[in-house]
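# An overview of the molecular structure
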Amino acid sequence: NAGVTQTPKFQVLKTGQSMTLQCAQDMNHEYMSWYRQDPGMGLRLIHYSVGAGITDQGEVPNGYNVSRSTTEDFPLRLLSAAPSQTSVYFCASRVQTATEAFFGQGTRLTVV
Amino acid sequence: KNEVEQSPQNLTAQEGEFITINCSYSVGISALHWLQQHPGGGIVSLFMLSSGKKKHGRLIATINIQEKHSSLHITASHPRDSAVYICAVRNSSGSARQLTFGSGTQLTVLP
């Protein structure tokens, strides 16, 4: 049981490049979410999903896309990276009706 | 004003000291979480509580719903407790699926 697995751990992108941050969980959790963490600020919700085929925007969705084709996977796509997207990204999952969240190890992204 | 405020932002203690980290929030909540983030970056859930007090080893979390305040206590602190401690609340209104996070308290315990 690996929990929540994020890849990659580190990434450097040039402005305008695209990439996908991967997130997978093996706990059969319905609810998955992506957060970004910036210095001096709390984690902010980017997008979330309440089940396969269902996604919705969070607090800071601009510049990011998500999809949820399976219960296990919830990738986050940056279509055209900008320096403002330099951050640490966390994926989290939980059972739909419970409230304890399980977090991945994070992806540190730098856009130059 | 942020919905979730933590204090202090930074805390340095000597090994063995009793530590308190505070969290105040301004909205009605259905649950409050305390999380720990180690220097490697991973985030781990410590407690989830909606009333009263919970204890796990040397960690104690309390919440006062009327005062909209929670505290995380660490007894007999140890250098391995050095981490960022994050408070998060789940609003009782609006989307019940979302958490609002404080900005964290950086704790350093010196040997």
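To keep things clear, this report deals only with the structure shown in the data block. Given the structure is predicted, the values throughout are model-derived calculations rather than measurements. Residue numbers restart at each chain and count upward from 1, following the sequence in its written direction. Numbering of ligands from 1 and lettering of chains from A proceed in the order in which they are written. The predicted origin of the model limits local features to residues at a pLDDT of at least 70 and limits the giving and counting of side-chain atom pairs to 80 or more, whereas totals for whole chains, interfaces and linings rest on all residues. Hydrogens and waters are ignored; side-chain quantities use all the structure's heavy atoms.

Next up on the list: the side chain of A:R68. Residues and elements named next belong to chain A. Along the chain, R68 falls in the loop between β7 (64-66) and β8 (76-78). It is E30 that comes nearest to the buried, bridge-free R68 among opposite-charge side chains, at 5.4 Å. Whenever a nitrogen or oxygen atom comes within 3.5 Å of another N or O atom, the pair is scored as a polar contact, on the condition that within protein one atom can donate a hydrogen and the other can accept it, and that pairs from neighbouring residues in sequence are kept only if both atoms are in side chains. Only 3.2 Å separates the side chain of R68 from the backbone oxygen of T70, close enough to count as a polar contact. A distance of 2.8 Å separates the side chain of R68 from the backbone oxygen of T71, its partner in a polar contact. Those residues in contact with R68, other than ones at most four positions away along the chain, are Q25, H29, E30, M32, S49, V50, G51, A52, G53, T55, D73 and F74. Runs of H or I in DSSP of at least four residues are treated as helices and runs of E of at least two as strands, each being numbered from the N terminus. Summary of the burial criterion: residues with accessible area below 20% of their type's maximum are buried, those above 50% are exposed, and those between are partly exposed, where the area comes from a 1.4 Å probe applied to protein chains only. When charges are tallied, Lys and Arg are placed among the positive residues and Asp and Glu among the negative ones, while His and the ends of the chain are skipped. By definition here, a salt bridge exists when the distance from a side-chain nitrogen of Lys or Arg to a carboxyl oxygen of Asp or Glu is within 4 Å. Residue contacts follow a heavy-atom distance rule, with two residues in contact if any of their heavy atoms lie within 4.5 Å.

Quick look at empty space enclosed by the protein now. Residues and elements named next belong to chain A. Lining residues are those with an atom within 4 Å of a point, where the points come from a 1 Å grid over the protein atoms alone and group into cavities, where a 1.4 Å probe fits but cannot get out, or pockets, open sets with protein on both sides within 12 Å along at least five of seven lines. Grid points are joined across faces, edges and corners, and a volume is the space filled by probe spheres set on the points. Using the criterion set out here, one finds one cavity of 30 Å³ or more in the structure. Forming the boundary of the largest cavity are 10 residues, of which Y31, S33, Y35, R94 and A101 lie nearest the centre. At the level of elements, β4 (31-37) and β9 (87-94) are the ones that each hand at least two residues to the lining of the largest cavity.

As a further point, take the packing of aromatic side chains. Here a Phe, Tyr or Trp ring, Trp counted by its six-membered ring, pairs with any other such ring whose centre lies within 6.5 Å, and the pair is stacked when the planes are under 30 degrees apart, edge-to-face when over 60, and tilted otherwise. Tallying each qualifying case throughout the model produces four aromatic pairs over all chains. Considering the side-chain rings of A:Y31 and A:Y48, the 5.7 Å spacing of their centres and the 50 degrees angle between planes classify their relative orientation as tilted. Here A:Y31, found in strand β4, pairs with A:Y48, found in strand β5 (residues 44-51); they are 17 residues apart in sequence, far enough to count as distant. The burial state of A:Y31 is the same as that of A:Y48; both residues are buried. Ring plane angle 80 degrees and centroid distance 5.1 Å describe the contact between A:Y35 and B:F101, whose orientation is recorded as edge-to-face. Within this pair, whereas A:Y35 is found in strand β4, its partner B:F101 is found in strand β10 (residues 99-101), the two belonging to separate chains. One aromatic cluster is present, formed by A:Y35, A:F103 and B:F101 through successive ring pairs.

On to the layout of surface pockets, then. The gaps left among the atoms become clear once a water-sized probe is rolled over them. Here the largest pocket is characterised by a volume of approximately 630 Å³. As for the largest pocket, its lining consists of 32 residues, and the residues nearest its centre are A:Q37, A:V88, A:R108, B:Q37 and B:V84. Here the lining of the largest pocket takes four residues from strand β11 (residues 107-111) of chain A, the largest share from any one element. Among the residues making up the lining of the largest pocket, the classes are represented as 10 nonpolar, 19 polar and three charged. Empty space within the second largest pocket amounts to approximately 430 Å³. Residues are grouped as follows: Ala, Val, Leu, Ile, Met, Phe, Trp, Tyr, Cys and Pro are nonpolar; Asp, Glu, Lys and Arg are charged; every other residue, Gly included, is polar.

Cysteine sulfur atoms are paired as a disulfide whenever they fall within 2.5 Å. Counted under the stated rule, the structure contains two disulfides over all chains. Residue A:C23 pairs covalently with A:C91 via a disulfide, S to S 1.8 Å. Looking along the S-S bond of the A:C23-A:C91 disulfide, the torsion reads about -70 degrees, which is the left-handed sense. Highlighted residues: A:C23 in strand β3 (residues 19-25) and A:C91 in strand β9, separated in sequence by 68 residues. In this pair, the class of A:C23 matches that of A:C91, namely buried. The disulfide partner of B:C23 is B:C87, and the S-S distance across this bridge is 1.9 Å. On the S-S bond that ties B:C23 to B:C87, the torsion sits near -60 degrees, and the link is left-handed. Of the two residues, B:C23 is situated in strand β3 (residues 19-25) and B:C87 in strand β9 (residues 83-91); the sequence distance between them amounts to 64 residues. In this structure, B:C23 and B:C87 share a single accessibility class: buried.

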